[in-house]
Amino acid sequence: MNDVIDFDKMFEDYAAEWFKEREGEFESEQDVEAVMPDVYEAWASSPSRKLGGIAPRAFFDAIEKPDELVKILIGTSEDGCNPCSLLLDKISETPSCAPLLKEIIERKDASAKLKLLCVTMLEETGSDYPVDAYIDIVADESADEDLREGVVEILKSHANDVKERLYKLLDGASDGLKTVVAEILSCADKDERTFNLLTELFAGGDNIPLYAQYLGAYGDERAAAQLYRALDECDYAEYIEIKNAIERLGGVVDDYRDFSDDPTYIAIKGRK
């Protein structure tokens, strides 16, 4: 990575010098954070000796070949380095980069960090995504957590398009995988298979608050009966989510239980 320019380090050096020249002008960390976007814009628009007198934004604007942009992306995503937001913006605004981003996502040797960046930018371009690769990431319970969560968030926006592929993952699946699949399917159109999955998970009792959220989001009023029954035996943390789910389904819950001795009630109220 010796020939790769570390733009983040360039900005850090610029910002350090900028604040040094204005020492004493900022009274708090909040003041520093408030002005940081202006500092970044000044850096992005200022000619840099490291770039031969070209401003960072102009440097990226001048690059038209998608393979050059993606090459820089790969290089600045390695060895603890992070790609510049100017580069990410440029790639997101360049539709012809999309096929190269897909290739990276499908590669076995690409880092999870780089793949997640590609997943995010690919969605921003509005391009098609590599369905098989995304489903593989969802199905892989050993996959990087951030990458998996990023893919799940994307697929929630395309739940109807991928639901048949997701149903195929359920046969013999662990509760963990079923939970991830349920999160996506709860955003799809109504389907009896989804309803059965959500009610099965809720009945299992492993994560009542989470599964109550899914049932409420899914919106099938038939789930209300199961949710009402759970109100009698749940703790306060579970009660809150069950009540919210019932109300999302159009039901009404009377606060009839006394939770004053419930540990979750004490913990939640103690934080307020």
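Look up a bit, the structure's there.
Residues numbered from 1 in each chain as written. Predicted model: local features only at pLDDT ≥ 70, side-chain atom pairs only at ≥ 80, totals over all residues. Heavy atoms only, no water.

Novice: Please clarify how the overall build of the protein chain should be interpreted in this entry.
Specialist: For the protein chain, the count of helices and strands is 16 helices and 0 strands. Over its C-alpha trace the protein chain gives a radius of gyration of 24 Å, far above what one expects of a compact globule, namely 19 Å for 272 residues. Taken along the three principal axes of its C-alpha coordinates, the protein chain extends 70 × 50 × 30 Å. Looking at the protein chain as a whole, 43% of its 272 residues qualify as buried. About 15200 Å² of surface is accessible on the protein chain, with carbon and sulfur atoms providing 46% of the total. Charge separation in the protein chain, taken as the distance between the mean sites of 30 positive and 61 negative side-chain charges, equals 3 Å. (Helix = DSSP H or I, 4+ residues; strand = E, 2+ residues; numbered from the N terminus. Rg over C-alpha atoms; globule rule 2.2 N^0.38 Å. Buried < 20%, exposed > 50% of the residue type's maximum accessible area, 1.4 Å probe, protein only. Areas by Shrake-Rupley, 256 points an atom, 1.4 Å probe, with all protein chains shown as cover. Lys, Arg positive; Asp, Glu negative; His and termini not counted. Charge placed at Lys NZ, Arg CZ, Asp CG, Glu CD.)

Novice: When you look at the packing of aromatic side chains in this model, what are you seeing that I'm missing?
Specialist: By the definition in use, this model includes 14 aromatic pairs. Here the aromatic rings of Phe19 and Phe26 are separated by 5.5 Å at their centres, their planes lie at 70°, and the arrangement is edge-to-face. Classification of Phe19 by relative accessible area gives buried; the value is 18%. Aromatic ring contacts, followed pair by pair, group Tyr236, Tyr239, Phe259 and Tyr265 into a single cluster. A cation over a ring is seen here: Lys190 above Tyr218, with NZ or CZ 5.1 Å from the ring centre. (Phe/Tyr/Trp six-rings, centres within 6.5 Å; stacked < 30°, edge-to-face > 60°. Lys NZ or Arg CZ within 6 Å of the ring centre and 35° of its normal.)

Novice: I keep staring at the environment of Tyr214 and nothing clicks. Help me out?
Specialist: Following the sequence through the fold, Tyr214 ends up in helix α13 (residues 208-218). Along the backbone, Tyr214 and Asp8 are 206 residues apart, and their C-alpha atoms lie at a distance of 40 Å. Those residues in contact with Tyr214 that lie beyond four places of it in its chain are Thr179, Ala182, Glu183, Ser186 and Leu198. (Contact = heavy atoms within 4.5 Å.)

Novice: In this structure, what is going on with helix α12 (residues 192-204)? I would like to understand it.
Specialist: Helical geometry: 3.6 residues make up each α-helical turn, so side chains three or four residues apart lie on a common side. With 13 residues, α12 should reach 18 Å at 1.5 Å per residue; the first-to-last C-alpha distance of 18 Å fits that figure. Restricting attention to buried positions, one finds in α12 the residues Thr194, Phe195, Leu197, Leu198, Thr199, Leu201 and Phe202. On its buried side, α12 packs onto α10 (159-167), α11 (175-185), α13, α14 (223-230) and α15 (236-248). Looking at where α12 begins, the residue whose side-chain oxygen comes 2.8 Å from the main-chain nitrogen of Arg193 is Asp191. Gly205 occupies a position one or two residues after α12 and carries a positive phi of about 80°. (Expected span 1.5 Å × (residues − 1). Polar contact = N/O pair within 3.5 Å; in protein donor to acceptor, adjacent residues only side chain to side chain.)

Novice: Before we go on, may I ask you to explain the packing of α11 against α13 in this structure?
Specialist: Think of two packed helices as two axes; the pair is described by the angle between the axes and how far apart they sit. For the pair α11 and α13, the least separation of the axes is 10 Å and the interaxial angle reads 30°. Classified by the angle between their axes, α11 and α13 sit roughly parallel to one another. In this structure, α11 meets α13 at a crossing whose hand is left-handed. Touching Asp175, Thr179, Ala182, Glu183 and Leu185 of α11 are Leu210, Tyr211, Tyr214 and Tyr218, all from α13. Of the residues in the contact of α11 with α13, the class split is 6 nonpolar, 1 polar and 2 charged. (Axes fitted to C-alpha atoms, helices over the stretch in contact; angles between N-to-C directions. Parallel < 35°, antiparallel > 145°, perpendicular 65-115°, else oblique. Left-handed = near helix turned anticlockwise from the far one by under 90°. Nonpolar A, V, L, I, M, F, W, Y, C, P; charged D, E, K, R; others polar.)

Novice: Is there a simple way to explain the nonpolar core in this structure?
Specialist: The nonpolar side chains of a soluble globular protein tend to be buried, and buried together. Grouped together as the largest cluster of nonpolar side chains are 87 residues, with contacts concentrated most on Leu73, Val138, Leu227 and Ile242. The residues touching Ile242, leaving out its near neighbours within four places in the chain, are Phe202, Ile208, Ala212, Leu227, Ala230, Leu231 and Cys234. (Core = buried A, V, L, I, M, F, W, Y, C linked by side-chain atoms within 4.5 Å.)

Novice: Got a minute to help me understand the pattern of salt bridges in this structure?
Specialist: Between side chains of opposite charge, pairing is possible as soon as their charged atoms come close. For the structure on display, the rule yields 15 salt bridges. The closest approach of N and O atoms between Arg107 and Asp109, which form a salt bridge, is 3.0 Å. Among the salt bridges present, the one from Lys178 reaches Glu200, with a minimum N-O distance of 2.9 Å. Pair noted here: Lys178 is in helix α11 and Glu200 is in helix α12, with a separation of 22 residues, a long-range link. Exposure remark for Lys178: the relative accessible area of 14% places this residue in the buried category. Residue Glu200 is classed as partly exposed on the basis of its relative accessible area, which comes to 40%. Residues participating in the shared-partner salt-bridge network are Lys163, Glu164, Asp191 and Arg193. (Salt bridge = Lys/Arg side-chain N within 4 Å of Asp/Glu carboxyl O.)

Novice: What is the right way to look at the environment of Ala182 in this model?
Specialist: Tracing the sequence through the fold places Ala182 in helix α11. Judged by relative accessible area, Ala182 falls into the buried class, the value being 0%. Along the chain, Ala182 and Tyr167 lie 15 residues apart, while their C-alpha atoms are 9.6 Å from each other. If sequence neighbours within four positions are ignored, Ala182 has contacts with Leu197, Leu198, Leu201 and Tyr214.

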